[in-house]
Every structure is written in C-alpha cells, then in structure tokens.
Amino acid sequence: QVQLVESGGGLVQAGGSLRLSCAASGRTFSSYSMGWFRQAPGKEREFVAAITWSGGITYYADSVQGRFTVSRDNAKNTVYLQMNSLKPEDTAVYYCAARAGIVSSQSTLTRSANFGSWGQGTQVTVSS
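Keep in mind the model is a prediction, meaning the values are calculated, not measured.

How each quantity is defined
- Residues numbered from 1 in each chain as written.
- Predicted model: local features only at pLDDT ≥ 70, side-chain atom pairs only at ≥ 80, totals over all residues.
- Heavy atoms only, no water.
- Core = buried A, V, L, I, M, F, W, Y, C linked by side-chain atoms within 4.5 Å.
- Buried < 20%, exposed > 50% of the residue type's maximum accessible area, 1.4 Å probe, protein only.
- Contact = heavy atoms within 4.5 Å.
- Helix = DSSP H or I, 4+ residues; strand = E, 2+ residues; numbered from the N terminus.
- Pairing = 2+ DSSP bridges.

1. Remarks on the nonpolar core
One broad trend across soluble globular proteins is that nonpolar side chains are buried collectively.
Alright, step 1. M34, W36, L81, M83 and Y94 are the most contacted members of the largest nonpolar core, which has 38 residues in total.
Alright, step 2. In contact with L81, other than residues within four places in its own chain, are L18, R19, L20, W36, V48, A49, F68, T69, V70 and Y94.

Rendered as structure tokens:
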C-alpha cells in the first residue's frame, strides 16, 4: 500500500484560498486513483473530489464544483486540491485517499469505502 501525507491546511477567511497537497510514497503512484474527502465535527466523512490514475478524469461533489480543483503530478508523487472561494461550511479535516488499479468509474471513486490507503488528515478552518 501507498503511504500518504497531507499538508497545506490552515485558517483562512471566507472567500480565501488554500491548496492542499498529498505526498505519496512508493514507486507505483501513477497506478493509483486518488480522492479527497472531508469530515466536519459531528458529521460523516464526505466525498470532495477524485482524480483517476492518469489525471484524465476528475469528479467533484456538487458543493465544491466550480470552486475546487483536483490535480496530480505523477513525477512528484503528489496530488493537490486547490480550494478557492472558501466558505465557512468548508471547515473540516481533509483527507486524501488512494485506490490501487486503473479505475475510472464515478460510482467507485466517490465512495470512501473503495479507497484502501488514507492520510492522517489536515485541518481546514474557514472563518466568516
């Protein structure tokens, strides 16, 4: 399995931006599809965004569509989540996750149960 480490979280005012990074260990990062999920206090973990192994297909939750962008750099073993126009309701711990294999279906990549490796999470707090 791949090891994942998130960074880039912090405190930002509403309307601001943050870029989260998720660095992966291992030599087979390019064969993993990656996802971002978040969990707010008292709520279940929810899907945010996903990107296929090649970066050719991306998926977004309706709540972040048009504001967040997921991307990856396979040469750097890193996946990113650019978050713009942040809102207080985006406050949560953000986790990146990896799923091995060449998978591209939306039904698979938008469900946390389908990811086998997880990072420790990074806190994002958006003040109003």
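2. Concerning the pairing of strand β11 (residues 122-127)
Alright, step 1. Residues T122, V124 and V126 point to one face of β11 and are all buried, whereas Q123, T125 and S127, pointing to the other face, are not buried.
Alright, step 2. Pairing geometry for strand β2 (residues 10-13) and β11, over four bridges, is parallel. Across the sheet, residue Q13 finds its bridge partner in β11, namely S127.
Alright, step 3. Bridging between strand β9 (residues 92-100) and β11 involves three bridges; their strand directions are antiparallel. Looking across to β11, one finds that Y94 is bridged to T122.

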